[in-house]
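Given next are the chains, with one letter for each unit.
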Amino acid sequence: MSVGVGVIGTGVMGSEHARLLARQIPGAHLAGVFDADTARARVAAAGTLVFSDPQSLIKSDRVGAVIIASPDATHAELALACLAAGKPVLCEKPLASSTAEALRVVQAEVALKRRLIQVGYMRRFDPGYQEMKRIKDEGAVGATVLLHNQHRNAQAPDWFTGPMAVTNSFVHEIDISRWLTGSEMVSAHVTSGPGGDPLMITMRTDRDEIVSTEVYMNASYGYHVHAELVGRQGTVALAPTSLTMRNKDNLGGVSYPDNWVPRFADAYRRQLTDWIDGVTTRTPVGASAWDGYVASSIAEQVAAVLAGSGSAELIRTPRPSLYD
Ligand code: ISE
């Protein structure tokens, strides 16, 4: 039985999820969409339903699962509404715009005694990051000592405000660093460039590993995400993802995409496919609401030191057994 998926928000990510659901995700189909911009919603709906508001989408009998791809500030409330309706939900990152909001979502899911939320930390589904984790987990490079992350956007999205380089972008490195190392972050130090761009964020883990991340929102040359894990006996890093190498006018090299959609196209498709498999078999996959809470909590603490001392011992909450 195909799962009808409703998509809330048809911006860059929502329209991509709708496009994939319309024809590329086995076991699922696009049931309909909502967006405050009805013209944009109509295009993304591609002939399916256009709902008048998010609540009617969530409650619709045509919708068996929900994707939240609306503005960050709306994620927590909509996730709570999906929990109340008993609907599985893939919530785009971040789960919430504050620690308190994220904790409310976790508490609501714990009260339900059932994991319905997956958070859209899709790099866990990227083949390159999965290969890095496989190599690290089999011990091929020895014990981890360092993880270097690089997160460069060609230019900051026009909807970017305030500390979103941390709460919207750096959250990816918080989650993927926890996932790759299997460790928890215990402290953070932030050095900020002119106008807060770029940022250098150094975290230490509970296994004394060092995690460094460069977040550069206006790198201009292209969208370029990289990671290298350094062990006691070797290193493993993401390979260039360019499909071609080009030589011209005494110069040669790889190409870079304009943004994250083409760079992580495979990861988005695999994330949706595995999510739908998990919905169908009731076996949650990917980043949980707890992972979403940890990422949002660390991001809020890092954003808070941006203007201050630059360092923070990270406050951590015990993980509920629902997420063991
Ligand atoms: C954007 O929202 C994403 O999630 C992208 O994956 C990330 O690279 C970008 O920096 C964010 O703004």
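Throughout, a residue's number is its position along its own chain's written sequence, starting from 1. The predicted origin of the model limits local features to residues at a pLDDT of at least 70 and limits the giving and counting of side-chain atom pairs to 80 or more, whereas totals for whole chains, interfaces and linings rest on all residues. Water and hydrogen atoms were dropped before computing side-chain values, which therefore reflect all heavy atoms in the structure.

Caption draft 1: View of the side chain of Arg-124. The helix count covers DSSP runs of H or I at least four residues long, the strand count covers runs of E at least two residues long, and both are numbered beginning at the N terminus. The residue Arg-124 is located in the loop between strand S6 (117-119) and helix H6 (127-137) in this model. With a 1.4 Å probe rolled over the protein chains alone, any residue whose accessible area is under 20% of its type maximum counts as buried; one over 50% counts as exposed, and the rest are partly exposed. The exposure class assigned to Arg-124 is buried, which follows from its relative accessible area of 10%. Whenever two N or O atoms come within 3.5 Å, that pair is a polar contact, provided that in protein one can donate a hydrogen and the other can accept it, and provided that, for residues adjacent in sequence, both atoms are side-chain atoms. A distance of 2.8 Å separates a polar atom in the side chain of Arg-124 from a polar atom in the side chain of Asp-175. Polar contacts involving the side chain of Arg-124 include one to the side chain of Asp-291, which spans 3.4 Å. Contacts are assigned to residue pairs that have any heavy atoms within 4.5 Å of one another. Ignoring sequence-local partners within four residues, the contact set of Arg-124 consists of Gln-130, Asp-175, Ile-176, Trp-179, Gly-286, Ala-287 and Asp-291.

Caption draft 2: Region of the structure containing the pattern of salt bridges. For this analysis, a salt bridge means a side-chain nitrogen from Lys or Arg found within 4 Å of a carboxyl oxygen belonging to Asp or Glu. For the coordinates displayed, the defined rule picks out 19 salt bridges. With a closest N to O distance of 2.8 Å, Arg-134 and Glu-138 form a salt bridge. Relative accessible area serves as the criterion here: at 52%, Glu-138 is assigned to the exposed category. Measuring nitrogen to oxygen at the nearest pair gives 2.9 Å for the salt bridge that ties Arg-178 to Glu-184. Residue classification places Arg-178 among the buried residues on the basis of a relative accessible area of 8%. Because the salt bridges share partners, they merge into one network encompassing Arg-124, Asp-175, Arg-178, Glu-184 and Asp-291.

Without other data, these values stay purely geometric and don't point to any function.
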